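A look at the structure
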Amino acid sequence: MAGTISRGIKAPIIRQGDDIVKIVADSVLTAAQEDGFQLHEKDVICVTEAVVARADGNYASTTDIAEDVKAKLGGETIGVVFPILSRNRFAICLRGIAKGAKKVVLMLSYPSDEVGNHLFDMDLLDDSGVNPYTDVLTLEDYRRIFGYIKHPFTGVDYVEYYADLIKEEGAEAEIVFANHPEAIVKFTKNVLCCDIHTRARSKRRILAAGGEKVLTLDEILNAPVNGSGFNPQYGLLGSNKATEDTVKLFPKNAQEVAENIQKEIIARTGVKVEAMIYGDGAFKDPVGKIWELADPVVGAGFTEGLNGLPNEVKLKYLADNDFADLSGEELADAIRQRIKEKDADLKGNMISEGTTPRRLTDLIGSLCDLTSGSGDKGTPIVLVQNYFNNYAN
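Residues numbered from 1 in each chain as written. Predicted model: local features only at pLDDT ≥ 70, side-chain atom pairs only at ≥ 80, totals over all residues. Heavy atoms only, no water.

On to the nonpolar core. Core analysis: the biggest nonpolar cluster contains 53 residues, and Phe90, Leu108, Leu119, Tyr162, Phe177, Leu192 and Leu236 have the highest contact counts within it. Counting only elements with at least two residues in this core, the list comes to α3 (62-73), β4 (77-81), α4 (91-99), β5 (103-108), α6 (139-146), α7 (158-168) and β7 (172-177). Excluding residues that lie within four positions of it along the chain, Phe90 makes contacts with Val80, Pro83, Ile84, Ile97, Tyr162, Cys194 and Leu217. Ranked by size, the runner-up nonpolar core spans 28 residues in total, among them Ile23, Phe37, Ile261 and Ala275. (Core = buried A, V, L, I, M, F, W, Y, C linked by side-chain atoms within 4.5 Å. Buried < 20%, exposed > 50% of the residue type's maximum accessible area, 1.4 Å probe, protein only. Helix = DSSP H or I, 4+ residues; strand = E, 2+ residues; numbered from the N terminus. Contact = heavy atoms within 4.5 Å.)

This next bit is on unusual backbone geometry. The peptide bond linking Tyr110 to Pro111 adopts the cis configuration, its omega dihedral lying at 5°. For Asn226, which is not glycine, the phi dihedral falls at a positive 55°. Considering the arrangement of structural elements, one finds Asn226 in the loop between β9 (213-216) and β10 (240-243). Notably, Lys289 is not glycine yet its phi reads approximately 75°, a positive angle.

Moving on to the sheet that holds β7. With mixed pairing, six strands are arranged side by side in an open sheet as β6-β7-β5-β4-β8-β9. Of all the strands in the sheet, the pair left with one neighbour each is β6 (137-138) and β9. Pairing of β4 with strand β8 (residues 190-193) involves three bridges; the strand directions are parallel. Looking at β8, one finds that Val81 is bridged to Cys193. (Pairing = 2+ DSSP bridges.)

So, about helix α11 (residues 328-340). In a regular helix each residue adds 1.5 Å, so 13 residues correspond to 18 Å; α11 covers 19 Å between its end C-alpha atoms and thus fits that length. Taken together, the buried positions of α11 are Leu331, Ala332, Ala334, Ile335 and Ile339. Take α11 and look down its axis: the buried residues cluster within an arc of 165°, on one side only. Projecting away from the buried face of α11 at angles above 90 degrees are the exposed residues Glu330 and Lys340. (Expected span 1.5 Å × (residues − 1). Arc of directions from axis to C-beta.)

Take the environment of Thr48 next. Inspection of the secondary structure puts Thr48 in strand β2 (residues 44-48). For Thr48, a relative accessible area of 16% gives the class buried. With sequence-adjacent residues up to four places away left out, Thr48 is seen in contact with Ile277, Tyr278 and Pro380.

Take the side chain of Asp113 next. Within the element layout of this structure, Asp113 appears in the loop between β5 and α5 (123-126). It turns out Asp113 is buried and unbridged, and the closest side chain with the opposite charge, Lys284, is 9.1 Å from it. Within the structure, the side chain of Asp113 is placed 2.9 Å from the backbone nitrogen of Gly116, a separation counted as a polar contact. A distance of 2.8 Å separates a polar atom in the side chain of Asp113 from the backbone nitrogen of Asn117. (Lys, Arg positive; Asp, Glu negative; His and termini not counted. Salt bridge = Lys/Arg side-chain N within 4 Å of Asp/Glu carboxyl O. Polar contact = N/O pair within 3.5 Å; in protein donor to acceptor, adjacent residues only side chain to side chain.)

To describe a pair of aromatic rings, you give the distance between the ring centres and the angle between the ring planes. Applying the stated criterion across every chain, the model contains 10 aromatic pairs. Pairing Tyr142 with Phe177 gives two aromatic rings, centres 4.2 Å apart and planes at 10°, and the pair type is stacked. Here the residue Tyr142 occupies a position in helix α6, and Phe177 occupies one in strand β7, the gap between them amounting to 35 residues. We note that Tyr142, like Phe177, is buried. (Phe/Tyr/Trp six-rings, centres within 6.5 Å; stacked < 30°, edge-to-face > 60°.)

Any functional reading would require information beyond the geometric quantities listed.
As structure tokens, then:
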């Protein structure tokens, strides 16, 4: 009778140099033995990106960041555009950026960043006389109109917090607020676009407006600096705070690890599972308004069987339309038969309307992110079972 099962799997505390593939396989198989479940084909073993990067030792210091920023952007006045508001995700990166510049012009989007962290409530805009689409605010404008507001969950005034970080690293700080990235060229033509999912658009618009040296976060630490960690595809994107002067980067070996986990489980059990290394999923918090999604992708690496989108029929549509005159076991049999006969691609078909049009890796990764949490559960591994089963199985 069971449908999808998402099961957190405890693991040892993982350190640099650990064999992450062996640890994952050992942990899953020990859990299966102790908790009395079996692995089946198309079960999905998911591992949070954090422990993959930890095992690989993919770390960098603020000094490494500073050296790369200075070499690529000149070390004078640097525009830092649209960073997210996060002590974990961006604060240490900002320290490194500031250490590589004489002045930082920090341009924040308002009233929120791209992942939903709010500087202030949207309702405050209504009577402010401010047009968020066109108006560029100085720090004085912002304080006069919106005051000193702290995040409801963290208790942090991110404007003050980021300004202080820049100054602590010896750079001058100027804070401005705008929602069109090209506004930065009024202050400097050397710019680092720090947005995650809109970075290419921001860079294009700044260059079109006269920007000269314009980079995105994936172009910083995309190669090692003094032997540091790096990520050739994502650079600083997806990094997390490790200490007050180091970050853990997004794993550069995620695809290899996912494929090797699959091979290891096949070798030890004969069962062909799927495997994925996952980052932030998507969940809209109704109070804090945050979407998560602070990583550049949800599926950092995954096996072939996780490619694609769901191809599902909507059961209530069938029950209310095609089989409205049936009930009981006759209705169940008719629906099972329709599922077995469904087309390989239901895109645009009314029978699939209302099903979730998202990639499998994004859906499964979001499920895993909520299951594992980010605190002290101690379950960096998540086993997802029955995900590909349906009513007809």
